[in-house]
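Architecture at a glance
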Amino acid sequence: MTETQGTDINIGEIVLHHTSDAYAIDFEPFGTISWHKWPDVHLGSLTLNLTPTKHVVFMILAAVLVLLVMWITKRGLIKQRAHQQAPTGFAGFMEQMVLWVRDDIAIANIGENGKKFAPFIVALFFFVLFMNLLGLLPWGATATGNLAVTGALALMVFVVVEIGGFLKLGPKGYLGTIFPHFEGVGGVGGAVLTVAMAPIEILSKLVKPFALAVRLFGNMTAGHFVVLSLAGIILFFGNWLIGIPTAVVIALIYLLETLVAGLQAYVFALLASTFIGLMQTEHH
Amino acid sequence: MLNMLALLQEGAASAASGYALLGAGIGIGLAILGAGLGLGRIGGSIADGIARQPEAAKEIAQGPFIIAILLEGATIIALVFALLFKLL
């Protein structure tokens, strides 16, 4: 075998560099925009590092894009309704998507309170979808490929689920979700069982958002790992015989990635509404 | 050929000890094995259900969808922890 070119290509470094966070945005052949760490903010004994990073920039970009898309949809729909037209075009398409999320994800899983939680679920779905898709564009970074970002989203879902349950069930009902009451098991045995189940119930409240966060993070990061590793293989071997089939494989996996991006946004919204729904109907 | 093997080994040894990498690799394999078996069984049950009652095809496929998602989530969590072993 001829000597391999590019033996200074470190595939691990390529993969880690493109998936992790940094104080820089790379536009590879054209240069890099980088900035320095901002001075730490001290709140009492707490030291905060508030420097925006690459993932923060892409989160803001995704939020601005969602706002823009929904704004354009609103303007289009107002104009179409003023003329007594059925929704068509881009506004019609976006209205159909929002109604699909509201009806088939939020209201179907939450029940009669669905309409109150629908704005949260719709915002969650489109924010996660746009973050996932932005990572697939050239020079894009996946903000959801950061455990802190998905952790923050899961924390918001946790807060909504618990506070929603507390407001719906009242304090006594909410305690009933931690200390479950079993019908038909009376007296002392029932009390012992209830107290024994309490840690399991608390654990289950905490594990569900944790799984949400890690599921979204893992799915997004794993796809990028595969694509970047294959790209690293092309660079490592540096000849056409290996490069062209690998490039075809990369293209196919990229299509799968797009599917996974949409699917994971759907799954996140679906599970968030399922958890909210479970809490709302908890009274036996 | 031999120098390529040496390069791969040098890349591997720089990450973590060899046993950590072995553990991560076996963990990934087992996680995928579990996912494959589980999802295969879900697919088979869906197919059996639809074969028994073709009119209810839509409802039959909807229930296991969530279970497949949860199973996939568990697999991804296992893979993320295996990645953690390689990086630490």
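Residues numbered from 1 in each chain as written. Chains lettered and ligands numbered in written order. Predicted model: local features only at pLDDT ≥ 70, side-chain atom pairs only at ≥ 80, totals over all residues. Heavy atoms only, no water.

Here we take up the overall build of chain B. Helices and strands together make up the secondary structure of chain B, namely 3 helices and 0 strands. N-terminal to C-terminal, the α/β element order of chain B is α-α-α. The buried share of chain B, reckoned over its 88 residues, is 19%. Of the contacts made within chain B by residues no fewer than 6 positions apart, 71% connect residues no fewer than 24 positions apart. Carbon together with sulfur atoms contributes 72% to the accessible area of chain B, which is approximately 6000 Å² in total. (Helix = DSSP H or I, 4+ residues; strand = E, 2+ residues; numbered from the N terminus. Buried < 20%, exposed > 50% of the residue type's maximum accessible area, 1.4 Å probe, protein only. Contact = heavy atoms within 4.5 Å. Areas by Shrake-Rupley, 256 points an atom, 1.4 Å probe, with all protein chains shown as cover.)

What follows concerns the overall build of chain A. In terms of regular secondary structure, chain A is built from 7 helices and 4 strands. Sequence-ordered secondary structure for chain A, helices as α and strands as β, is α-β-β-β-β-α-α-α-α-α-α. Taken over C-alpha atoms, the radius of gyration comes to 24 Å for chain A, far larger than the 19 Å a tight globule of 284 residues would show. The dimensions of chain A, computed from C-alpha atoms along their principal axes, are 80 × 60 × 45 Å. A burial count over chain A gives 39% of its 284 residues as buried. Taking the intrachain contacts of chain A between residues at least 6 apart in sequence as the baseline, contacts between residues at least 24 apart amount to 68%. Working note: accessible area of chain A is about 16000 Å², and carbon and sulfur atoms make up 73% of it. Positive and negative side-chain charges of chain A, numbering 14 and 16 respectively, have mean locations separated by a distance of 16 Å. (Rg over C-alpha atoms; globule rule 2.2 N^0.38 Å. Lys, Arg positive; Asp, Glu negative; His and termini not counted. Charge placed at Lys NZ, Arg CZ, Asp CG, Glu CD.)

The next subject is the interface of chain B and chain A. Taken together, the contacts link 13 residues of chain B with 19 residues of chain A. Summed over both sides, the interface between chain B and chain A buries roughly 1400 Å², with carbon and sulfur atoms accounting for 88% of that surface. On the surface where chain B and chain A come into contact, there are 0 salt bridges. Linking chain B with chain A are 0 residue pairs in polar contact (both at pLDDT 80 or more), by the criterion used here. Elements that contribute at least two residues to the side of chain B that touches chain A include exactly α1 (2-15) and α3 (57-87) of chain B. Looking at the side of chain B that touches chain A residue by residue, the classes come out as 12 nonpolar, 1 polar and no charged. (Buried area = accessible area lost by both parts, 1.4 Å probe. Salt bridge = Lys/Arg side-chain N within 4 Å of Asp/Glu carboxyl O. Polar contact = N/O pair within 3.5 Å; in protein donor to acceptor, adjacent residues only side chain to side chain. Nonpolar A, V, L, I, M, F, W, Y, C, P; charged D, E, K, R; others polar.)

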